[in-house]
Amino acid sequence: MRLPCLFVSRSCKAVYRLHQNPFSSSVLAVPRDQRLPVWRSASTHFCTDDRSYYITTPIFYVNASPHLGHLYSAVIADCLHRYRLLQGFNSKFSTGTDEHGLKIQQAAEAAGKDPLTFCTDVSERFKHLFSSCNIAYTDYIRTTEQRHRRAVEHFWSVLWNKGLIYKGGYEGWYSTQDESFLMPSQVADAVDSSGKDIKVSLESGHKVEWMKEENYMFRLSAFRSQLLDWLRGNPRAIQPERFYQAVLQWLQEDLPDLSVSRQRSRLHWGIPVPGDAEQTIYVWLDALVNYLTVAGYPDKHDHWWNMAHHIVGKDILKFHAIYWPSFLLAAGLSLPKTIYVHSHWTVGGKKMSKSLGNVVDPLERSQIFTSDGMRYFLLRQGVPDSDCDYTDEKVIKLLNAELTDSLGGLLNRCTAPALNPAQVYPSFCLQSFPCERGGRAVSEDYHMLDAVKNLPAIVQQHYESMHIYKALEAITACVRQTNGFVQRHTPWKLDRRHTQDQRWLDTIIHVSLECLRIYGTLLQPIVPEISNKLLSRLGVQPGERSLVALNFLPRYQGMHCPFEGRALGLDSGVLFSRMERQNIDKRNEK
Ligand SMILES: Nc1ncnc2c1ncn2[C@@H]1O[C@H](COP(=O)(O)OP(=O)(O)OP(=O)(O)O)[C@@H](O)[C@H]1O
């Protein structure tokens with residue numbers, strides 16, 4: 001049975017500041033049994049209690065080309081989507097572009113293009129980036145599409161008919177850059193580049209202006225207690241925990257009604273308010289509804305919507321954790337199951353952003369470091385709780401150490417004709433590596449087996465909580481252990497002419513290939529091309545790569561191993577080529 005699941009994500013401005021934390025380097029504790037573990041039924045079943053799962057990811061604002069931060073949101077969502085597919089879910093993964101609003105109206109004017117042509121051009125750049133980086137979305141939505149307009153108009157009418165939108169006057173601070181309203185306490189004095197006194201948002205640093213106009217207001221203030229009930233009853237609704245706490249804190253503050261329209265004379269690039277051609281719907285209300293549009297709203301949508309999970313940058317948390325759930329409660333719709341929040345990529349300690357112009361071009365970097373190289377770096381170094389500074393040096397060092405040397409080196413050792421002249425998955429000998437002591441294996445080898453046996457469950461737990469870097473930490477630690485296993489037993493010194501040696505040599509290779517099979521399978525959501533290359537080299541067929549019933553080293557448990565004796569796949573070269581600083585500098589100069 002295929003199970004449903006959908007991802008959606010969206011872009012916007014910085015409204016939240018966090019202290020930069022050093023990376024957590026927690027090494028996952030793998031349970032150890034000092035009595036030399038004898039394990040049974042190691043087959044790992046990835047089940048969730050609720051077999052119907054639905055998850056979503058952001059749409060990106062098209063006022064400029066994509067940068068590395070945008071790719072990061074998409075890669076996280078893609079990784080989780082692929083993970084669900086490998087579990088046998090029917091996963092729906094939605095991304096796309098947010099195309100209305102004053103900033104786009106202004107950017108199009110500046111570019112001398114009509115807004116739709118401008119949006120189409122930038123939207124295509126996002127699509128191109130995503131296809132270059134293997135972002136396997138199933139739905140791509142543009143907020144300028146007719147299906148979305150219909151959904152927004154319907155949504156608005158539901159809120160209006162319930163009396164939750166009313167016509168009123170808005171007067172207050174507004175940041176066009178952030179497309180957001182601010183309380184007086186969120187505004188500070190500043191001086192612009194020409195020495196003029198201005199007011200800025202304390203959170204984003206962007207200029208704010210006093211705005212006074214008649215428009216439609218949403219009764220946000222009516223939803224505070226329902227939001228608190230929702231969060232208190234669902235402590236894992238917003239992850240990581242620090243962001244959940246931040247939202248609870250915001251809910252202690254003032255929650256005034258929200259202006260949800262603009263005068264059309266100021267903003268014409270947007271969806272008109274149904275029944276009032278003088279007003280345009282607020283870009284955030286418009287954009288957030290994209291998640292529903294993709295789910296099928298206003299037609300049949302429950303199937304997907306009741307299982308929605310969002311991936312968002314911390315800059316758009318307030319929109320997703322306060323405004324969006326309030327809109328949904330108002331419309332009588334269920335709330336997202338989880339809002340996964342990630343932090344920012346910085347350059348020299350400053351948030352990478354279009355406005356600051358300190359962006360890293362993700363397309364160019366993925367051409368240099370490969371798509372999988374970039375994906376691996378972003379997911380291995382990106383920590384949801386804290387910001388991370390980007391440098392090319394970090395990428396080179398990480399990829400060379402973990403993909404080229406550690407994983408690639410292990411595969412190369414175990415498949416090279418010198419150690420594996422028959423080019424097969426060799427036999428495992430239980431006498432050489434018995435469940436109890438007495439063979440040629442030593443205690444570290446048993447610990448390694450135990451660690452690799454437990455790895456799928458540990459990785460699953462980290463994928464579930466979006467701590468992908470922890471999943472990679474755990475995999476890397478196991479790869480290191482397997483390299484240590486090979487190094488310790490120096491199979492190249494064994495003499496194939498002696499039966500005992502030959503059996504032990506084959507066993508060492510068999511165990512190492514089994515470890516590699518587990519690593520390759522678990523890495524599929526992160527580095528799909530590298531995993532495919534690795535698994536194909538091991539002779540693992542596409543139908544044998546699922547996370548369901550991933551059974552490590554069945555021969556150790558006295559079970560049949562379908563790979564034993566099977567010919568290896570073709571050698572298609574090194575797993576991941578070494579990155580040389582000079583070559584990258586030369587490419588950068590071009
Ligand atoms: N530096 C970053 N690190 C990680 N993710 C980012 C970063 N910048 C943007 N994002 C992701 O992209 C989304 C939207 O970003 P947006 O289009 O507003 O870009 P921006 O560079 O922040 O724009 P601006 O410079 O105009 O503020 C964010 O919510 C987040 O998901």
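Bear in mind the structure is a predicted one, so any value in this text is a computation, not a measurement. (Residues numbered from 1 in each chain as written. Predicted model: local features only at pLDDT ≥ 70, side-chain atom pairs only at ≥ 80, totals over all residues. Heavy atoms only, no water.)

Enquirer: It is not clear to me how the overall build of the protein chain should be interpreted in this structure. Could you clarify?
Expert: Each helix and strand counted, the protein chain has 18 helices and 19 strands in total. When burial is assessed residue by residue, the protein chain has 61% of its 590 residues classed as buried. Look at the contacts in the protein chain between residues 6 or more apart in sequence, and 80% of them connect residues 24 or more apart. Of the accessible surface of the protein chain, which amounts to about 23200 Å², a share of 50% is contributed by carbon and sulfur atoms. (Helix = DSSP H or I, 4+ residues; strand = E, 2+ residues; numbered from the N terminus. Buried < 20%, exposed > 50% of the residue type's maximum accessible area, 1.4 Å probe, protein only. Contact = heavy atoms within 4.5 Å. Areas by Shrake-Rupley, 256 points an atom, 1.4 Å probe, with all protein chains shown as cover.)

Enquirer: I tried to follow the pairing of strand β14 (residues 276–281) on my own but got confused; where do I start?
Expert: Successive side chains on a regular strand alternate, one facing one side of the sheet and the next facing the other. In this sheet, β14 lies alongside strand β12 (residues 261–263) in antiparallel orientation, the contact comprising three bridges. Pairing of Gln263 across the sheet is with Gln279, part of β14. In terms of strand pairing, strand β13 (residues 272–273) meets β14 through two bridges, oriented antiparallel. Across the sheet, Pro272 pairs through a bridge with Thr280, a residue of β14. Count of turn residues in the β13/β14 antiparallel hairpin: two residues, of which Gly275 carries a positive phi of about 85°. (Pairing = 2+ DSSP bridges.)

Enquirer: Which parts of the structure should I look at to understand the pattern of salt bridges?
Expert: Side-chain pairs of opposite charge can arise where the charged atoms are in close proximity. One pass over the full model with this rule turns up 27 salt bridges. In this structure, Arg380 engages Glu402 in a salt bridge whose closest nitrogen and oxygen atoms are separated by 2.8 Å. Placement of the pair is Arg380 in helix α12 (residues 371–381) and Glu402 in helix α13 (residues 392–415), with a sequence separation of 22 residues. Side by side, Arg380 and Glu402 carry an identical accessibility label, which is buried. Among the ionic pairs, Arg496 bridges to Asp506, the shortest N-O distance being 3.3 Å. Of this pair, Arg496 sits in the loop between α15 (468–489) and α16 (499–523) while Asp506 sits in helix α16; the two residues are ten residues apart in sequence, bridging distant segments of the chain. Using a relative accessible area of 31% as the deciding quantity, one classes Arg496 as partly exposed. The exposure class assigned to Asp506 is buried, which follows from its relative accessible area of 13%. (Salt bridge = Lys/Arg side-chain N within 4 Å of Asp/Glu carboxyl O.)

Enquirer: Would you explain the sheet that holds strand β17 (residues 345–347) in this entry?
Expert: Sheets are built from strands that pair by backbone hydrogen bonding, the pairs being arranged parallel or antiparallel. Read from one edge of the open sheet, three strands run β18-β17-β19, paired in mixed fashion. Looking at the sheet topology across the chains shown, the edges are occupied by β18 (350–351) and β19 (388–389). Pairing between β17 and β18: two bridges, direction antiparallel. By the bridge assignment for β18, Thr346 is matched with Lys351.

Enquirer: When you look at the UniProt feature "domain: Methionyl-tRNA synthetase anticodon-binding" (unreviewed entry) in the protein chain in this model, what are you seeing that I'm missing?
Expert: In the numbering adopted here, UniProt assigns the feature "domain: Methionyl-tRNA synthetase anticodon-binding" (unreviewed entry) to residues 438–541. Between the first and last C-alpha atoms of residues 438–541 the distance is 35 Å; the span itself is 77% helix and 0% strand. (UniProt positions renumbered as here; feature names shortened; annotations may be inferred.)

Enquirer: Just to check I follow, could you spell out the environment of Val479 for this structure?
Expert: Secondary-structure assignment places Val479 in helix α15. Relative accessible area serves as the criterion here: at 4%, Val479 is assigned to the buried category. Sequence separation between Val479 and Leu231 is 248 residues; the distance between their C-alpha atoms is 39 Å. Leaving out residues up to four positions away in the same chain, Val479 has contacts with Ser406, Leu407, Leu410 and Tyr519.

Enquirer: Any chance you could explain the packing of α13 against α15 here in plain terms?
Expert: Where α13 contacts α15, the axes come no closer than 10 Å and their chain directions differ by 45°. Considering the angle they form, α13 stands oblique to α15. Crossing handedness for the pair α13 and α15: left-handed. Contacts between α13 and α15 involve Glu402, Ser406, Leu407, Leu410 and Arg413 from the first element and Thr476, Val479, Arg480, Thr482, Asn483, Val486 and Gln487 from the second. Residue classes in the contact of α13 with α15 are distributed as four nonpolar, five polar and three charged. (Axes fitted to C-alpha atoms, helices over the stretch in contact; angles between N-to-C directions. Parallel < 35°, antiparallel > 145°, perpendicular 65-115°, else oblique. Left-handed = near helix turned anticlockwise from the far one by under 90°. Nonpolar A, V, L, I, M, F, W, Y, C, P; charged D, E, K, R; others polar.)

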